[in-house]
Amino acid sequence: MEKLIAGYKKFRSEVFPEKKDVFQYLAQQQHPQALFLTCSDSRIVPDLVLQTGPGDLFICRDVGNIVPPYDELPGGVSATIEYAVSVLKVRHLIICGHSDCGAMKGILNYRALDNLPMAATWLRYSRSALEEVERTLGPDVPHEKRLHALIRANVVRQLEHVRTHPSVASARASGQLLLHGWTYDIPQGTVEAYEAQSREFVPLEQMPIPVTT
Ligand SMILES: [Zn+2]
């Protein structure tokens, strides 16, 4: 806690005075360009990786960067998506997984979830991603390779889920919203993006810059 209080004091004495105009501008409005939906993992700091600041990203975080299909579980994630898309009219919705994800490791080893009933229930929305990985890779593939594949398959599966949300479907149909699937590699500090045509993840900087209408 000392570290947090010291950080707050530094924010008050150094950072806030420097950015006072930004905070005054943002006092009663926000126009974030993207909804960034990622895992709760402490090692992912979107504003650091994307060099964004206050007002740039509307952020939703949960264990495993999961989006329940629209009909299945009304909850905070669905409400956040609805607000970001329908009210804030974000242009981009990014679902971002990451390396060494504890949630994905939990899915690979369901016994690890024996005493975590809430996590086990929540992670069922990734179960079909695991089934796909097992079907594709077979049983003899090393754990690291399965985890690598599952992290990516999960992002693709959650992109499918988010399309079932009426606010998202409507915004995509009108050209307001684009969907993106990313993964962040913690030790390398790199981002890969899902390329729908090839069904591969490629370095983000190789992707054409997408434009909404
Ligand atoms: Zn994670």
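Residues numbered from 1 in each chain as written. Predicted model: local features only at pLDDT ≥ 70, side-chain atom pairs only at ≥ 80, totals over all residues. Heavy atoms only, no water.

### Remarks on the packing of helix α4 (residues 76–87) against helix α9 (residues 166–173)
Interhelical geometry of α4 versus α9 gives an angle of 30° and a closest axis separation of 9 Å. When the axes of α4 and α9 are compared, the pair comes out roughly parallel. In this structure, α4 meets α9 at a crossing whose hand is left-handed. Listed contacts from α9 to Ile81, Glu82, Val85 and Ser86 of α4 are Ser167, Val168 and Ala171. Grouping the amino acids of the contact of α4 with α9 by side-chain chemistry returns four nonpolar, two polar and one charged. (Axes fitted to C-alpha atoms, helices over the stretch in contact; angles between N-to-C directions. Helix = DSSP H or I, 4+ residues; strand = E, 2+ residues; numbered from the N terminus. Parallel < 35°, antiparallel > 145°, perpendicular 65-115°, else oblique. Left-handed = near helix turned anticlockwise from the far one by under 90°. Contact = heavy atoms within 4.5 Å. Nonpolar A, V, L, I, M, F, W, Y, C, P; charged D, E, K, R; others polar.)

### Quick word on the layout of surface pockets
For the largest pocket, the calculated volume is near 750 Å³. Lining the largest pocket are 31 residues, and of these His92, His180, Trp182, Leu204 and Pro210 lie nearest its centre. Elements with a minimum of two residues in the lining of the largest pocket: β3 (92–98), α8 (143–163), β4 (178–185) and β5 (190–195). The biggest single contributor to the lining of the largest pocket is β4, with five residues. The residue makeup of the lining of the largest pocket, split by class, is 18 nonpolar, nine polar and four charged. Quantified by volume, the second largest pocket comes out at close to 460 Å³. Of all the elements in the fold, those that place two or more residues in the lining of the second largest pocket are α7 (127–137), α8, β5 and β6 (200–203). (1 Å grid on protein atoms, 1.4 Å probe; cavity = no way out; pocket = protein on both sides within 12 Å on 5 of 7 lines; lining within 4 Å. Points joined across faces, edges and corners; volume = space filled by probe spheres on them.)

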